[in-house]
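Observations on the model geometry
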Amino acid sequence: MALRKDIITSILGILVFTLVCGILYPLVITGVSQVAFPGNANGQQVHVGGRLVGSELIGQSFADPVVKHGKVVLDKNGNPVTVPDPRYFQTRPSATVPSDNAAATTFSNLGPNSVATLQALQANIAAYIQLNRRYYPGHLTAATVPVDAADTSASGIDPDISVANAHIQAYRIAAIRHLPLPEVNRLIATYTGGRGLGFSGEPTVNVLELNLALNRVSGR
Amino acid sequence: MTFTGWLTIVAFVVILTALAMPLGSYMAAVYGGEHTVMDRIVGVPERFLYRVMRVDPGHEQDWKAYAKSMIVFSLAGWLVLYLILRTQGLWSFTGLNPQGFHSAPWNVTFNTTSSFLTNTNWQYYGGETTLSYFSQMAGLTVQNFLSAGVGIVVAVALIRGIISRSGKSLGNFWHDIVRTVLYVLMPLSIVVALVLVSQGVLQTFGAYWTAHGVTGLTQSIARAPVASQEAIKLLGTNGGGIFNVNSAHPFENPTGFSNFVEMLAVLVIPAALVFMYGKLVGNRRQGYAIFSTMMIMFLGAVIVAYIAEAHGSPAQHAAGLHTSVIAGSTGGNLEGKEQRFGIAGSALFDVITTVTSCGAVNSAIESFTGIGGAVPFANLSASEVIFGGVGTGLYSILLYVLLAVFIGGLMVGRTPEYLGKKIEAREIKLVALGILITPLAALFSTALATASSAGRASISAAATGPQGFAETFYAYLSQANNNGSAFAGYGGFVQPAAGNLGSHGITFADLLGGFTMLFARYAPILFALAVAGSLAGKRIGPAGLGTMRTDNGTFVVLLIGVIILVGALTFFPALLLGPIVQGLTGHLY
């Protein structure tokens, strides 16, 4: 008899909790957020010339599709093969397919002692050095590459790079865009965010904001 | 390592303690039947819920009736959640399935349902490619509240058993679960959700975007009502991310400040419960002793993890990377970590999420260094008693307290007693079973999965050598402890494209994991409630000269010793084969 009562109460309980916790609560939070923080609640869209170019919080790939014989080359998954666009600051390595895929995020899950990790790191370092070597005043080696430029991000869509990484890339950007280096470094400083509460986390350079500012200063 | 890194850790501990103490007092009032500030606001909905559920909140239940209500309620929740997830496509009329996702297959859904019922939130699936907004809200968010609630009420029932002066009553399950949701979880969730939105966490029912990037590449951007689920996912130590990369996703955790808030949200209720315990048993020092035990072990774990991650990994050193701090760069092992959190913010989050049964992650645990990755292993091996999950941590450590009292009693040669109640053979048998169930489930499932080819099919291709064993061991250790964090390469779901068409589960991993979670959740709960029932009937004797004190430093040391001894004896051989061997060598596999 008591069991029957427990069953009835349980079913009624699940239904009413679904209503309260699963429907009402998210609706109330959505309502308040959409009124109080509409930009945040919707994902901090960035528009340029009326077109949606991305979200301030989401890293994107600043690369160009490879074109051969007037056709975009596709990889085995049907995604365009791309090369980094040297006119833009580059985001961190990403493990998603394709790179910086914000609809299917994933970790690299590369272990600390794996040969696969070593190979991935070597490839990332080589790509970074190749992209920046010609413009960097000193000798750019693996030991000079900041870890965030070699290590894959967690989300695969990390919107930020470190200040050290940005300053190395600044030489390339200044040379290609014919801008004075101090001007580029000033832009980097403008788009560098500090630590939370002054101590939580690390300073960040938002790559999308920085690249859009570059386009405004020196055109595409 | 940096000054700001250490400062983050110190500030976290100070602020956590400052928040947990008043919350503990408040919760003592909620469960002690006293008036609280929330009575006016939620008194009416509370009585409405009792009426709808046809419950007499004053009806007293002994441990068997209490356990029966809890089991039936959980079973009903399991069935409803399974149905919601399996009929995902049918709910498109609500407008909360903008991407038109189909249901995931039965085996993965079995695992997911068991996972959210048991407060584990182990996820073989990626949220943004598998679940509709409706499934996330009406399905998962609801169990995020209820599974957390069940954990808390079991702890409360055990406390009532310890302090009861007469009779067998442990209170009323329905009364406790309703009050837990309305007085504790819901108000805190609303506050945390809004703070997170103010930092940039999403809260929208809108469809995914297609953006036309700066260089002309298109980018599809998944969205969701994130903040409402994020808040309870952390506060209830649930841990199941709305997106695949969990709290590493910028839409779940956008800033260094939000990261700090999220870390506090995970630990505040488990820490507050310990202070609540001291208040309810009428001796705050009992609570302080348990808090000190937890905090000492917690700090040990944080310090080791931070130093190990700041040192960098063997693969980085082999590649010639410079892993010390330089101007403008964190250095360290940033593989699988986000720039905005850095090394300290990732290592601290990682320890917090694995000492509790949370399992939310802001970095890839599989990519932690050998020693850094051994820390979550060790935390899980300590059976989630270092703060632990909401409620589960408290009732689990109370079992260890009873064990320590028993061992202490043997050493001084007196009948062991705790808070005036004699601890006898029946209680110690129940305590021993309650403590050993989880490690046994973890080791048994790991052995099964390692020894069979069906189990080895889940190991990721890149996990060679000890990493493959570490992945497997972590998977079942995490599921047995109802944690839910993962060496995420370990797979149970193959999904060729978003939306589940053509996807299939790996039945062996899905079912073994699902049953491991269910068994290791409900068996210890039943033993804890049985201990409560057994203690509830006992007379409270006066403390004598020879009574061993349980509120001083000596007892804290004894308790830490017992926890480490049990954990080390059970898990050390298995730990040696995985993370420790990787931490001791620079060899690459």
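Let me sum up the structure you'll find in this document. Per chain, residues are indexed from 1 in the order of the written sequence. All chains are assigned letters beginning with A, and all ligands numbers beginning with 1, in the order in which they are written. In view of the model being predicted, local features appear only for residues whose pLDDT reaches at least 70, and side-chain atom pairs are presented and counted only at 80 or more, with totals across whole chains, interfaces and linings using the full set of residues.

In DSSP terms, a helix is any run of H or I states spanning at least four residues, a strand is any run of E spanning at least two, and both are numbered starting from the N terminus. Counting secondary structure elements, chain A contains seven helices and nine strands. Taken against the 2.2 N^0.38 rule, which gives 17 Å for 220 residues, the C-alpha radius of gyration of chain A at 23 Å runs more than 25% over that of a compact globule. Taken along its principal axes, the extent of the C-alpha atoms in chain A is 85 × 45 × 45 Å. Counting across all 220 residues of chain A, residues that qualify as buried make up 48%. Here, residues touch in the contact sense if the C-beta positions derived from the backbone fall within 7 Å of one another. For chain A, the share of sequence-separated contacts (at least 6 apart) that also reach a separation of at least 24 residues comes to 51%. Put simply, the radius of gyration uses C-alpha atoms, and a globule should come to 2.2 Å times the residue count raised to 0.38. Whether a residue is buried, exposed or partly exposed is read from the other C-beta atoms within 10 Å of its own C-beta, which are placed from the backbone; 20 or more gives buried, 12 or fewer gives exposed, and intermediate counts give partly exposed.

A separate point is the interface of chain A and chain B. With 96 residues of chain A in contact, the opposing surface of chain B contributes 118 residues. Residue polarity is assigned by list, with Asp, Glu, Lys and Arg as charged and Ala, Val, Leu, Ile, Met, Phe, Trp, Tyr, Cys and Pro as nonpolar; anything else, Gly included, falls into the polar class. A per-class count over the side of chain A that touches chain B returns 49 nonpolar, 35 polar and twelve charged.

In a helix, the anticipated span is given by 1.5 Å times the number of residues less one. Look at helix 12 (residues 342-355) of chain B: 20 Å from first C-alpha to last across 14 residues, which is about the 20 Å you get at 1.5 Å a residue. In terms of burial, helix 12 of chain B is a largely internal element, 14 of the 14 residues being buried.

All names here are of chain B. The first and last C-alpha atoms of helix 13 (residues 370-381) sit 16 Å apart over twelve residues, in line with the 16 Å expected at 1.5 Å per residue. Helix 13 sits mainly inside the fold: twelve of its twelve residues count as buried. Of all the positions in helix 13, only G370, I371, G372, G373, A374, V375, P376, F377, A378, N379, L380 and S381 are classed as buried. In this structure, the buried residues of helix 13 make contact with helix 10 (284-311), helix 12, helix 17 (466-480) and helix 19 (553-584). Directly after helix 13, the chain includes S383, whose backbone phi takes a positive value near 60 degrees.

This paragraph deals with the packing of helix 17 of chain B against helix 19 of chain B. Packed helix pairs are characterised by how far apart their axes lie and by the angle those axes make with each other. All names here are of chain B. For the pair helix 17 and helix 19, the least separation of the axes is 9 Å and the interaxial angle reads 125 degrees. On the basis of the axis angle, helix 17 is oblique to helix 19. Seen along the crossing, helix 17 lies across helix 19 with a hand that is left-handed. Facing P466, F469, A470 and F473 of helix 17, the residues of helix 19 in contact are A574, L577, G578, P579, V581 and Q582. Axes here mean lines fitted to C-alpha atoms, for a helix over just the part in contact, with angles spanning 0 to 180 degrees between N-to-C directions. Just so you know how the angles are binned, under 35 degrees is roughly parallel, over 145 roughly antiparallel, 65 to 115 roughly perpendicular, and the rest oblique. Helix crossings are classified by the rotation of the near helix relative to the far one: an anticlockwise turn of less than a right angle makes the crossing left-handed, while a clockwise turn makes it right-handed.

Here we take up unusual backbone geometry. With an omega of -15 degrees, the peptide bond between V97 of chain A and P98 of chain A qualifies as cis. If you trace the backbone, P98 of chain A turns up in the loop between strand 6 (82-84) and helix 3 (115-132). A positive phi angle, near 60 degrees, is found at N121 of chain B, a position not held by glycine. Here N121 of chain B shows up in the loop between helix 4 (106-117) and helix 5 (127-130).

Before going further, it helps to examine the environment of G373 of chain B. Relative to the helices and strands, G373 of chain B is located in helix 13. Judged by the 29 C-beta atoms lying within 10 Å of it, G373 of chain B falls in the buried class. Along the sequence, G373 of chain B and P225 of chain B sit 148 residues apart, while their C-alpha atoms lie 32 Å from each other. With residues up to four places along the chain from it excluded, the contact list for G373 of chain B reads P112 of chain A together with I365, F368 and P579 of chain B.

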